[in-house]
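Results of the structural survey
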Amino acid sequence: MNIDSIFEFGRTLGQGRFGVVIYAKDRSTGNEHAVKIISKRSAEGSTRHSRPLLRVKQAEREIMILQSINHPHIVHLQRVYDTREKLYMVMELCNGDLGKVFRDKSFTEDETRHVIQDLASAVSYLHKNDIVHRDLKLENILVAINPNDSSDYLYIKVIDFGLSIVKGGIGHEDMLQEFCGTVVYMAPELIAGKRYSHQCDVWAMGVILYHLLCGSFPFYSSNEVILCDMILKDKPSFSEQAWHETVSQEAAHLTNQMLTKDPAYRITASEVGNHPWVLSKVREPDSSLYNYSSGHRFPSSYQTLIKSFVLTYLLAFKEPAGSLPPSHKPAIGPYPEQD
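Description of the structure in this document. (Residues numbered from 1 in each chain as written. Predicted model: local features only at pLDDT ≥ 70, side-chain atom pairs only at ≥ 80, totals over all residues. Heavy atoms only, no water.)

**A few points about the pattern of salt bridges**
Using the following cut-off: Between Lys or Arg on one side and Asp or Glu on the other, a salt bridge is scored when a side-chain nitrogen of the former is within 4 Å of a carboxyl oxygen of the latter. Only protein chains enter the accessibility calculation, which uses a 1.4 Å probe; a residue is then buried when its area is under 20% of its type maximum, exposed when over 50%, and partly exposed in between. In DSSP terms, a helix is any run of H or I states spanning at least four residues, a strand is any run of E spanning at least two, and both are numbered starting from the N terminus.
Taken as a whole and judged by the stated rule, the model has 10 salt bridges. Between Glu111 and Lys105 there is a salt bridge; the shortest N-O distance is 3.0 Å. Among the residues examined, Glu111 registers a relative accessible area of 11% and is labelled buried. Residues Arg266 and Glu189 are paired through a salt bridge, measuring 2.9 Å at the closest nitrogen-oxygen approach. Here Glu189 lies in helix α4 (residues 188–191) and Arg266 lies in the loop between α8 (249–258) and α9 (269–273), a separation of 77 residues in the sequence. With respect to class, Arg266 is no different from Glu189; both count as buried. Here the salt bridges share partners, and the residues they tie into one network are Lys36, Glu62 and Asp160.

Here's what the structure looks like:
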């Protein structure tokens, strides 16, 4: 097969772990695509741990996953060409990644809500189909043209399922143990080498939400060892100026729920999509709301809520973590301290 007779290839759009993504135009129809090319070179005769063979296995898994799903906020795999030396994954063409959009402009809270609403819809869909993405980050969220609203400049598409996996079920034995992903987005249970499941995706979504709201990461160090230690031990800080001047209490409440260290008490992707902040237009931020760590107190109207949270939290943790059913998760108030 001569792939060049089918497509006219152009500029490089991106470079992933296991392949390069190139712009391509269909010679017969003129339709534009993004084509992910995975090299099979040296795969034949190599060991099962060799990089070329790993590339092919990852690509085959990604193809299997993408062919089994259909969601407006997940990239659509249109065709696959399998040649002797390469795999070609023909996908819809998007306009760039969300990370670049965010670097070019600051997002308003309403823009962030719009992104998280669509992201929660996509991730919830994946989880309902027993798929764990495992590498959610700004660079793996593309911006595309909304077929129903040309003015929607934040119509997102989740991409790169090379590290994704399909669970066999919901039991403990089906949880994942592989250390993979991008460290700054990794959940504590993954870094700790514990068994983990789809909840690691919710943590990554929480990191994305935190970053879009205030411009920084909840945990960051150029030293990966220190970064891992911070994710395992530190609490996300809400003391930056943005959190009590430009971010609403509802947005901060959701962020904190998504960055709960114990996955048994972390909000689910479906619950994220049904959170009041996601479902409604954001309110004007209340500048009188401050973080415990900033040394300020909450307004008196929130004291009863906070006391109720503390009591519920302490009572809940008399039982081992993970023993409470979802309906008995401790209530979370604005900016709670985490264990």
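**Quick look at the sheet that holds strand β5 (residues 86–92)**
Put simply, the rule reads: One bridge is not enough; two strands pair if DSSP finds at least two bridges between them. What counts as an axis is a line fitted to C-alpha atoms, over the stretch in contact for a helix, and the angles between N-to-C directions run from 0 to 180 degrees.
The 5 strands are arranged β1-β2-β3-β5-β4 in an open sheet whose pairing can be described as antiparallel. Since the sheet does not close on itself, it has two edges, and those belong to β1 (7–15) and β4 (77–82), each with one partner. For this sheet, the mean angle separating the axes of adjacent strands, direction not counted, is 30°. Sheet analysis places β4 next to β5, joined by 5 bridges and oriented antiparallel.

**Describing the pairing of β5**
Counted residue by residue, β5 has 6 buried out of 7 residues, so it is predominantly covered. With 7 bridges joining them, strand β3 (residues 32–39) and β5 adopt antiparallel strand pairing. Pairing of His33 across the sheet is with Glu92, part of β5. Between the antiparallel neighbours β4 and β5 lie 3 residues.

**Focus on helix α3 (residues 109–128)**
Because an α-helix packs 3.6 residues into every turn, residues spaced three or four apart end up facing the same way. Rules: To estimate how far a helix should extend, the number of its residues minus one is multiplied by 1.5 Å.
Across its 20 residues, α3 extends 28 Å between first and last C-alpha, which sits within 8% of the 28 Å expected from 1.5 Å per residue. Backbone geometry just after α3 places Asp130 at a positive phi near 60°.

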